[in-house]
Amino acid sequence: MKPAVHPPRRIGLMGGSFDPVHAAHVALAELALVHLSLDEVRWIPVGQAWQKARQLAPAEDRLAMVAAATAHEPRFVVDRIEVDRAGPSYTLDTVRALQARADASGQPVEWVLLIGQDQYTNLPTWQGWAELIERVTLAVACRGSEALVTPEALAHHAHRVVRLPLQPMPVSSTDIRARLADGAPPDSLVPTLLPSGVARYIADHQLYAPGTPR
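None of the values given here were measured: they were computed from a predicted structure.

Caption draft 1: Here's a closer look at the pairing of strand S4 (residues 109-116). Counted residue by residue, S4 has 6 buried out of 8 residues, so it is predominantly covered. As paired elements, S4 and strand S5 (residues 137-143) share 5 bridges and run parallel to each other. Pairing of leucine 113 across the sheet is with leucine 138, part of S5.

Caption draft 2: Layout of unusual backbone geometry. Look at the link from aspartate 19 to proline 20: it is a cis peptide, with omega at 0 degrees. Locating proline 20 in the fold gives a position in the loop between strand S1 (9-16) and helix H1 (23-35). A cis amide bond links valine 190 to the next residue, proline 191, at an omega of -5 degrees. Inspection of the secondary structure puts proline 191 in the loop between helix H7 (173-181) and helix H8 (196-205). In this structure, glutamine 206 takes a positive phi of about 55 degrees despite not being glycine. Checked against the element boundaries, glutamine 206 lands in the segment after H8. Even without being a glycine, tyrosine 208 presents a positive backbone phi close to 55 degrees. Turning to its location among the elements, tyrosine 208 is positioned in the segment after H8.

Cut-offs applied
- Residues numbered from 1 in each chain as written.
- Predicted model: local features only at pLDDT ≥ 70, side-chain atom pairs only at ≥ 80, totals over all residues.
- Heavy atoms only, no water.
- Buried < 20%, exposed > 50% of the residue type's maximum accessible area, 1.4 Å probe, protein only.
- Helix = DSSP H or I, 4+ residues; strand = E, 2+ residues; numbered from the N terminus.
- Pairing = 2+ DSSP bridges.

Right, here's the structure in full:
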């Protein structure tokens, strides 16, 4: 008798600084679970963000905020792979490590990288991007009826890409940090901008308080 052949697990990869994680991040991950029939979304807070000049909130705080934002969904998994790895956090290094780990376990996996249209546009600036797009399927979040626009550099490289129709949400980590630094109570940003658990963590640990860098 032939052994049973199981289809690959479909795992979404949700990377970012998450400084702080906000409502649009959660909405994108929840949409991807349903729209792409994912078995799991793995949230990967960046360790050392090579494309950001400003100082991020401490990694343990960002990990804790992501844990608070994702606790309601058992298919959300927080992974500290980039936080625990020394040096700049390159997505290609992370994907290589995750794929090697899956290969060693014998578990076939299809990896789906969840990104926004702005990240898709800037993808040709990423370290090792040509290899990266060979290793993953790209799922690009487009606001409402916004069309998926392929960067010219990527148009000449075969890659797997799907469009995620995300409802427009005017929320950004930059805006949230600015509001908090201006004295807005964290709970005043719930639920439009922040999940309640994240707002509670920010208040308890006095993150992004007035006078702190934005």
